[in-house]
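# Report on the structure
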Amino acid sequence: MDRKHVYDKLCTILKKEDVLENELMKNHTSFKIGGPADFLVIPRNEEELKNIILLVNKEKIPFFIMGNGSNLLVRDGGIRGVVIKLSDNFSKFEVNENIVKAQSGILLSKLAKNILKCALAGFEFASGIPGTLGGAIAMNAGAYGGEMKDVVHAVKLLDMDGNIFECSNEEMKFGYRKSLLTEKKYIVLEVQLILNKGNYEDIKSIFDDLTLKRTTKQPINMPSAGSTFKRPVGYFAGKLIEEAGLKGLTLKDAQVSPKHSGFVVNLGNATAKDIIELLDVVKKTVYDKFQVVLEEEVKIIGEE
Ligand SMILES: Cc1cc2nc3c(=O)[nH]c(=O)nc-3n(C[C@H](O)[C@H](O)[C@H](O)COP(=O)(O)OP(=O)(O)OC[C@H]3O[C@@H](n4cnc5c(N)ncnc54)[C@H](O)[C@@H]3O)c2cc1C
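First things first, this report covers the structure right here in the doc. Predicted model only: the values in this text are computed from it and were never measured. (Residues numbered from 1 in each chain as written. Predicted model: local features only at pLDDT ≥ 70, side-chain atom pairs only at ≥ 80, totals over all residues. Heavy atoms only, no water.)

All right, on to the sheet that holds strand β17 (residues 254-256) then. In spatial order, the strands read β15-β18-β17-β16; together these 4 strands make up an open sheet with antiparallel pairing. Pairing within the sheet leaves two strands with one partner each, and these edge strands are β15 (224-227) and β16 (250-251). Across 2 bridges, the pairing between β16 and β17 is antiparallel. Each residue of the ladder has a partner; that of Thr 250, found in β17, is Gln 255. The sheet strands contacting helix α8 (residues 272-290) are β16, β17 and β18 (263-266), and the helix crosses β17 at an angle near 30°. (Pairing = 2+ DSSP bridges. Helix = DSSP H or I, 4+ residues; strand = E, 2+ residues; numbered from the N terminus. Contact = heavy atoms within 4.5 Å. Axes fitted to C-alpha atoms, helices over the stretch in contact; angles between N-to-C directions.)

In structure tokens, the structure reads:
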């Protein structure tokens with residue numbers, strides 16, 4: 001990849017200030033970890049996004065699409081090619097009766113607050129998940145008995161050839177922390193949710209209850225990527241880790257949270273290497289003790 005050429009091309013599509021070179025991914029992830037991306041670009045509208053996709057596709061430049069970076073562990077060598085970040089710049093939404101249409105970069109917390117104002121029920125589960133709507137679709141994010149699959153009506157997607165099309169809930173192939181986007185390189189542009197008309201006070205009390213659960217049980221003030229491992233069938237990852245005696249286990253600045261064993265946290269200066277070494281110890285110990293294989297929920301990307 002000729003970096004100068006790529007930079008010049010990106011600058012024909014985007015404003016210069018939206019093309020960041022050698023941008024440390026630790027500044028863009030909730031783990032506060034990650035080496036430099038060759039380029040991190042922040043498109044401001046669909047047209048810019050589409051033109052970036054056409055460019056990387058035509059010139060075979062590797063790319064990665066990110067939302068709020070709350071489910072990512074970026075390795076210390078960083079990311080080659082182009083990282084496209086969709087967040088504040090793609091955060092318009094509209095509510096019509098019980099139908100909510102929103103752009104993929106909106107934070108779930110912001111969307112949930114506005115949905116509450118309209119007294120629509122069914123999205124409470126998402127209010128404390130610190131990602132964007134696009135990331136939540138890709139991951140079929142869920143909590144406290146709800147998941148995106150339950151509320152999505154349709155998703156507007158962009159493919160690598162610049163085509164824009166819509167997929168129904170069924171076509172999105174939602175599964176446990178996965179979706180159609182686990183297998184296809186599509187980009188979520190916009191999402192339509194169908195919710196239920198409800199009572200403001202009832203919805204607010206569910207919100208408050210879930211917020212309290214999160215703040216008391218999860219280390220939400222520490223840098224992390226949420227639950228480190230997927231729930232193995234028939235078990236809870238956090239419980240297995242705790243029963244294996246690993247709660248609080250610390251390797252340099254990487255730590256199995258003493259508050260919730262399902263979370264690995266960064267105490268300040270952990271590298272991706274430290275976190276991955278800790279994850280390996282956790283996986284091996286849990287396997288040796290219970291013969292259960294733990295699989296990462298957090299997406300590990302980039303170069304060592
Ligand atoms: C404290 C904490 C608590 C958490 N609690 C929960 C929880 O209760 N439930 C839960 O499910 N998760 C939880 N998470 C994990 C995380 O918030 C979710 O996975 C979230 O959906 C990720 O969204 P994001 O925008 O940050 O995506 P990113 O982390 O930026 O990306 C995640 C994946 O989504 C893809 N992606 C992002 N945007 C798009 C797009 N527009 N189009 C296509 N693909 C896209 C990326 O390529 C990547 O594969 C938690 C994380 C933290 C830090």
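Within strand β5 (residues 79-85), 6 of the 7 residues are buried, leaving the element largely enclosed by the surrounding structure. With 4 bridges joining them, strand β2 (residues 36-41) and β5 adopt parallel strand pairing. Bridge pairing links Phe 39 to Val 82 in β5. In the sheet, strand β3 (residues 63-66) pairs with β5 via 4 bridges, with the strands oriented parallel. When the bridges of β5 are listed, Phe 63 appears paired with Val 82. (Buried < 20%, exposed > 50% of the residue type's maximum accessible area, 1.4 Å probe, protein only.)

Evaluation of the coordinates by the stated rule reveals 21 salt bridges. As a salt-bridge pair, Lys 4 and Asp 8 come within 2.7 Å of each other at their nearest N and O atoms. Placement of the pair is Lys 4 and Asp 8 together in helix α1 (residues 3-13), with a separation of 4 residues, close to one helical turn. Judged by relative accessible area, which is 57%, Lys 4 ranks as exposed. The partly exposed category is assigned to Asp 8, whose relative accessible area is 34%. Lys 156 is the partner of Glu 190 in a salt bridge, and the nearest nitrogen-oxygen pair spans 3.9 Å. Taken as a pair, Glu 190 in strand β13 (residues 187-194) and Lys 156 in strand β11 (residues 152-158) lie far apart in primary sequence, 34 residues in all. Classification of Lys 156 as partly exposed rests on a relative accessible area of 21%. Through salt bridges that share partners, Arg 3, Glu 21, Asp 38, Arg 80 and Glu 303 make up one connected network. (Salt bridge = Lys/Arg side-chain N within 4 Å of Asp/Glu carboxyl O.)

What follows covers the packing of α1 against helix α2 (residues 46-58). α2 packs onto α1 with a crossing angle of 155° between their chain directions and a minimal axis gap of 9 Å. Comparing the axis directions of α1 and α2 gives the class roughly antiparallel. α2 is crossed by α1, and the crossing has right-handed handedness. Together, Lys 9, Leu 10 and Ile 13 of α1 and Glu 48, Asn 51, Ile 52 and Leu 55 of α2 make up the contact between the two elements. Here the contact of α1 with α2 is composed, by residue class, of 4 nonpolar, 1 polar and 2 charged. (Parallel < 35°, antiparallel > 145°, perpendicular 65-115°, else oblique. Left-handed = near helix turned anticlockwise from the far one by under 90°. Nonpolar A, V, L, I, M, F, W, Y, C, P; charged D, E, K, R; others polar.)

Turning our eyes to something else, we now look at the packing of helix α3 (residues 108-117) against helix α6 (residues 200-217). Two elements in contact, α3 and α6, have axes whose closest approach is 9 Å; the angle formed by their N-to-C orientations is 155°. The orientation of α3 with respect to α6, classified from their angle, is roughly antiparallel. In contact with Ala 112, Lys 113, Leu 116 and Lys 117 of α3, α6 contributes Tyr 200, Ile 203, Lys 204 and Phe 207. Its residues placed into classes, the contact of α3 with α6 shows 5 nonpolar, no polar and 3 charged.

Our focus in this paragraph is the environment of Ala 225. In this fold, Ala 225 is placed in strand β15. In this structure, Ala 225 is in contact with Ser 30, Phe 31, Ser 70, Asn 71, Leu 72 and Val 298, ignoring residues within four places of it in sequence.

Residues in close proximity to the ligand total 34 residues, the closest being Ile 65, Gly 67, Ser 70, Thr 132 and Gly 142. A distance of 2.6 Å separates an oxygen atom of the ligand from a polar side-chain atom of Ser 70. Within the backbone of Ala 136, an N or O atom sits 3.4 Å from an oxygen atom of the ligand. For the shell around the ligand, the elements supplying multiple residues, two or more each, are β3, α4 (133-139), β9 (142-143), β13 and β15. With 5 residues, the single largest contributor to the shell around the ligand is α4. Among the residues forming the shell around the ligand, the class breakdown is 17 nonpolar, 14 polar and 3 charged. (Near = heavy atom within 4 Å. Polar contact = N/O pair within 3.5 Å; in protein donor to acceptor, adjacent residues only side chain to side chain.)

Moving on: α6. Helix length check: α6, at 18 residues, gives a terminal C-alpha distance of 26 Å against a target of 26 Å (1.5 Å per residue), a fit within 8%. Among the residues making up α6, those that are buried are Ile 203, Phe 207, Leu 210 and Arg 214. Buried residues of α6 fall within an arc of 75° about the axis and therefore sit on the same side. In α6, the exposed positions angled more than 90 degrees off the buried face are occupied by Glu 201 and Leu 212. In this fold, the buried residues of α6 make contact with α3, β8 (120-121) and β9. The N-cap residue of α6 is Asn 199: its side-chain oxygen and the backbone nitrogen of Glu 201 are 2.9 Å apart. (Expected span 1.5 Å × (residues − 1). Arc of directions from axis to C-beta.)

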